[in-house]
Amino acid sequence: MSDKKETEKGRQAAMVIAGTAIFWILATIIGGELGLSNRVRALFDLLALAGFIWAFWMIFQIWRARQDRQG
């Protein structure tokens, strides 16, 4: 993987993390204000967890590509 591709993947991972965090915060605030059930709020928590896991996987792939390149 080239440096440019790694930079782009890193940028994408950062956007996923930031977007997931904003989504999670807003879902928590709005869910509390609207009085959503704990079940619905837990669904939002699981969606946020999935987003963070996906970002972690992207970061892991970048790390592995750098390890392979360094030999």
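Structure: see above.
The notes below deal with the structure included here. (Residues numbered from 1 in each chain as written. Predicted model: local features only at pLDDT ≥ 70, side-chain atom pairs only at ≥ 80, totals over all residues. Heavy atoms only, no water.)

A few words on the overall build of the chain. On a plain count of helices and strands, the chain comes out with two helices and zero strands. Whereas a compact globule of 71 residues would reach a radius of gyration of roughly 11 Å, the chain reaches 16 Å, over 25% beyond that. If one aligns the C-alpha atoms of the chain with their principal axes, the spans along those axes are about 55 × 15 × 10 Å. In the chain, which comprises 71 residues, the share counted as buried stands at 17%. Taking the intrachain contacts of the chain between residues at least 6 apart in sequence as the baseline, contacts between residues at least 24 apart amount to 79%. Only carbon and sulfur atoms are counted for the fraction: they give 67% of the accessible area of the chain, which is about 5,500 Å². For the chain, the distance from the average site of its 9 positive side-chain charges to the average site of its 6 negative ones is 4 Å. (Helix = DSSP H or I, 4+ residues; strand = E, 2+ residues; numbered from the N terminus. Rg over C-alpha atoms; globule rule 2.2 N^0.38 Å. Buried < 20%, exposed > 50% of the residue type's maximum accessible area, 1.4 Å probe, protein only. Contact = heavy atoms within 4.5 Å. Areas by Shrake-Rupley, 256 points an atom, 1.4 Å probe, with all protein chains shown as cover. Lys, Arg positive; Asp, Glu negative; His and termini not counted. Charge placed at Lys NZ, Arg CZ, Asp CG, Glu CD.)

Before going further, it helps to examine helix H2 (residues 38-70). The end-to-end C-alpha distance of H2 is 48 Å, a good match for the 48 Å that 33 residues give at a rise of 1.5 Å each. Along H2, the residues that are buried comprise Ala48, Gly51, Ala55, Met58, Ile62 and Ala65. The inward-facing, buried residues of H2 abut helix H1 (3-34). (Expected span 1.5 Å × (residues − 1).)

Pairs can form between side chains of opposite charge whenever their charged atoms are close. Scanning the model with the defined rule gives five salt bridges in all. In this structure, the salt-bridge partner of Arg69 is Asp3, at a minimum N-O distance of 3.0 Å. Residue Arg69 is located in helix H2, and its partner Asp3 is located in helix H1; the two are separated by 66 residues in the primary sequence. For Arg69, a relative accessible area of 44% puts it in the partly exposed group. Two residues, Arg64 and Asp68, come together in a salt bridge whose shortest N-O distance is 3.6 Å. With Arg64 and Asp68 both in helix H2 and four residues apart, this pair spans about one turn of that helix. Classification of Asp68 by relative accessible area gives exposed; the value is 54%. Among the charged side chains, a salt-bridge network with shared partners connects Asp3, Glu6, Arg66 and Arg69. (Salt bridge = Lys/Arg side-chain N within 4 Å of Asp/Glu carboxyl O.)

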